[in-house]
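Overview (structure and organization)
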Amino acid sequence: MASRRHLDDWIHALKDLESRPSEFEGMERVLSVLEFSYEALPNEIHKKCFLYCSIFPEDHKFQMDELIDLCIGEGFLNECDTIHETCHRGINIISSLGCACLLEEDSSGSTRRFRMHNVIRDMALWLASNRGQKKKNILVQKKCRSFDTKKLKKWNTAERISLWDVDQNIENFPARMSCSNLSTLILRNTKWTSITKLPLELKNLIKLVFLLVDRTSRIPKGVILSLSSLKVFHWGSPILSTGCIDEGDECNVIEELPSTSEIDEAHLTLSYAGTVTKLLMDCPHLQRCLGELRIAECEEWEPLIIPKSSLRIMEHLNHLSVYRCAYDEISICSTEYGSSETGSSDGSLLAHDYIPGPTSSEESQDCFRNLKKIDIKGCPFLRDMSLLIYHAPNLANLTIEDCPAMQELIGWKVGFCVEGIFSCIIELHLTNLPEFESICWLELPFPLLERLEVKKCPKLERLPLNRGSAWGRSLAIVGEQRWWNRLHWDEQQDKKFFSTKFNGLDEPFDFMKMARDMDRAVELLRSHRSAGRIALL
């Protein structure tokens, strides 16, 4: 580069380095040296998982669970017998990639996130393309601005395509897609575009195994049925508006997925009470494949009722989210599939179907065995979480946020034993719950708790903790200092012990309080002046 003295030369060199780094002069020698770390990995599974990380765009931070789900979908972890073993195996593999400096962990948040250094990513793409011999089998594009003919030609031989941040001016995906070898298609961050529907020609991708698309894109009827090789289907995003997706679109997906015999895993986002009920009552095969369920912006004001039979079947469910929904209760009913003894004539569930929860250890086997994460946000009428938490014995991460009617997590009126509740909880986050008064009426051991975060919960005056709850472990309690000062403790020794675990948050400046203080100061000065004690200039 020392010989290049013009700005245009440097600009072209930069573009070449970004688009074809392995072809840059001297770069292949660098990649060959770095390849030693790749060859030193324990086995082929580690190598496959590492190479697959290149499916993310440059500088993208991905969650550990996100990568594990993708690796499961690609079949890299098929040697494991149970989903629990599979997840544990995935965690070990990703951690070992971090120890080998092939992945960088982001420690800024509570959720484990990773990224690839740009040069390491270039090496992964180089190796995945058979050391540059098959350059077009993996296509990753960020900020896609158009689907011109030149770009579409690259799709013809691609095996994996990953598109992120599609330009907002693009109105439709290409109608003609000639991708006979395509096995993985990822379309993310299309929310702000004019794209509302995937092309019907998508059904011609008979080798497609993995399909991940945003919930804002409608899927034409019949497409999923035509994808005979489809094993993994993700349709959704963390927080979204329903957009152009109507109840009919959701019903098509719910009805077609169970008919795809190859389907192994599904992540769904639903926004209509009818499709949620249909999923929970009429789709046992789809429930077995469900790894993540998000219910977002469901406006029907009624309880969210989960059939008891679903607890046994949804053993793969790892993450349940409820966002901005009008549910006033989350409960369990005794209705079984195909039962005509309970429920109304239209198939909906009735209030007398509710059961209070397991009353013995035998019945307690009906539970979400693999449910590790629950997020409840923006649900204005939801009051407690007793039954859902009780039926998730392996729950590790619980977040409750912006629920103004929420009063307690585990209500004292429920008639079952609570000693085993929260036995696996690692993180508990409670935010903006103005009426919240109780986590649980009994003190609990919390054997694995690492972080308890409480923000804007002014009525929470007791914690179900004693010194045995965190003895010999690292526990962080995070909250406002004023809230901490108001807490009541049965023993002063408990307060003293947990004070060493408390980290106060920086509270926002209260301008109204400052104004009131200034008014009081002025009144005080005036009173002193009138008494002749001070002279004001």
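Keep in mind the model is a prediction, meaning the values are calculated, not measured.

As a further point, take the overall build of the protein. For the protein, the helix and strand inventory stands at 16 helices and 19 strands. Per-residue burial for the protein yields a buried fraction of 46% across its 537 residues. Carbon and sulfur atoms form 50% of the exposed surface of the protein, whose accessible area is close to 27,100 Å².

Turning our attention to the packing of helix α9 (residues 247-256) against helix α10 (residues 273-282). Where α9 contacts α10, the two axes come as close as 9 Å, and the packing angle between them is 10 degrees. The pairing of α9 with α10 is recorded here as roughly parallel in orientation. Our pair here, α9 against α10, has a crossing hand that is right-handed. Residues Glu247, Glu250, Cys251, Ile254 and Glu255 of α9 touch α10, and the partners they reach there are Gly274, Thr275, Lys278 and Leu279. Class assignment of the residues belonging to the contact of α9 with α10 gives a composition of 3 nonpolar, 2 polar and 4 charged.

Moving on, we get to the confidence of the model for the protein. Predicted confidence across the protein gives a mean pLDDT of 78, with 71% of residues reaching 70 or more. Across residues 337-363, confidence stays below pLDDT 50; counting only partners more than four residues off in sequence or on other chains, it has 46 contacts. For residues 533-537, every residue scores under 50 in pLDDT, and the model assigns this stretch 6 contacts once sequence neighbours within four places are set aside.

Strands sit in the order β1-β3-β2 across an open sheet of 3 strands; the sheet is antiparallel. A single partner strand is all that each edge strand has here, and the edge strands are β1 (62-63) and β2 (104-106). As defined by bridge partners, β2 adjoins strand β3 (residues 113-115) across 3 bridges and the pair is classed as antiparallel. Bridge assignment links Glu104 to a residue of β3, and that residue is Arg115.

This part is about the environment of Arg121. Mapping Arg121 onto the fold places it in helix α6 (residues 118-128). Spatially, the C-alpha atoms of Arg121 and Phe56 are 9.2 Å apart, while their sequence positions differ by 65 residues. Setting aside residues no more than four positions away along its own chain, Arg121 makes contact with Ser54, Phe56, Pro57, Glu58, Met116 and Val140.

With that out of the way, let us pick up the environment of Gly411. Mapped onto the secondary structure, Gly411 falls in the loop between β15 (397-401) and β16 (427-431). What makes Gly411 buried here is its relative accessible area of 4%. A C-alpha to C-alpha distance of 8.0 Å links Gly411 and Met385, two positions 26 residues apart in sequence. Dropping the residues within four chain positions of it, Gly411 is found in contact with Ser386 and Trp441.

So, about the nonpolar core. One finds Phe233, Met385, Leu409, Phe422 and Leu430 to be the most contacted residues of the largest nonpolar core, which totals 98 residues. Beyond its immediate stretch of four places on either side in the chain, Leu409 contacts Asp384, Met385, Ser386, Ile389, Leu398, Ile400, Phe422, Leu428, Leu430, Phe436, Ser438 and Ile439.

On to the environment of Pro199. Among the secondary structure elements, Pro199 is positioned in the loop between β6 (184-188) and β7 (210-213). Distance in space between the C-alpha atoms of Pro199 and Arg218 is 9.2 Å, their sequence separation being 19 residues.

As a further point, take a negative patch on the surface. A cluster of like negative charges, contributed by Asp246, Glu247, Glu299, Glu300 and Glu302, occupies part of the molecular surface. Mapped onto the elements, Glu300 comes out in the loop between β10 (290-296) and β11 (304-307). Relative accessible area serves as the criterion here: at 31%, Glu300 is assigned to the partly exposed category.

Below, the discussion takes up the side chain of Thr275. Tracing the chain through its elements places Thr275 in helix α10. The exposure class of Thr275 is buried, given its relative accessible area of 0%. Side-chain polar atoms of Thr275 contact the side chain of Glu250, separated by 2.5 Å.

This part covers α9. Within the span of α9, buried status applies to Asp249, Glu250, Asn252, Val253, Ile254 and Glu256. At its buried positions, α9 is contacted by α8 (223-226), β8 (232-235), β9 (265-270), α10 and α11 (284-289). At the N-terminal end of α9, a side-chain oxygen is found 3.1 Å from the backbone nitrogen of Gly248, two or three residues along, and the residue is Asp246.

Conventions adopted
Residues numbered from 1 in each chain as written. Predicted model: local features only at pLDDT ≥ 70, side-chain atom pairs only at ≥ 80, totals over all residues. Heavy atoms only, no water. Helix = DSSP H or I, 4+ residues; strand = E, 2+ residues; numbered from the N terminus. Buried < 20%, exposed > 50% of the residue type's maximum accessible area, 1.4 Å probe, protein only. Areas by Shrake-Rupley, 256 points an atom, 1.4 Å probe, with all protein chains shown as cover. Axes fitted to C-alpha atoms, helices over the stretch in contact; angles between N-to-C directions. Parallel < 35°, antiparallel > 145°, perpendicular 65-115°, else oblique. Left-handed = near helix turned anticlockwise from the far one by under 90°. Contact = heavy atoms within 4.5 Å. Nonpolar A, V, L, I, M, F, W, Y, C, P; charged D, E, K, R; others polar. pLDDT = per-residue confidence, 0-100. Pairing = 2+ DSSP bridges. Core = buried A, V, L, I, M, F, W, Y, C linked by side-chain atoms within 4.5 Å. Patch = residues over 30% accessible without salt bridge, like charges linked within 9 Å, V, L, I, M, F, W, Y side chains within 5 Å. Salt bridge = Lys/Arg side-chain N within 4 Å of Asp/Glu carboxyl O. Lys, Arg positive; Asp, Glu negative; His and termini not counted. Charge placed at Lys NZ, Arg CZ, Asp CG, Glu CD. Polar contact = N/O pair within 3.5 Å; in protein donor to acceptor, adjacent residues only side chain to side chain.

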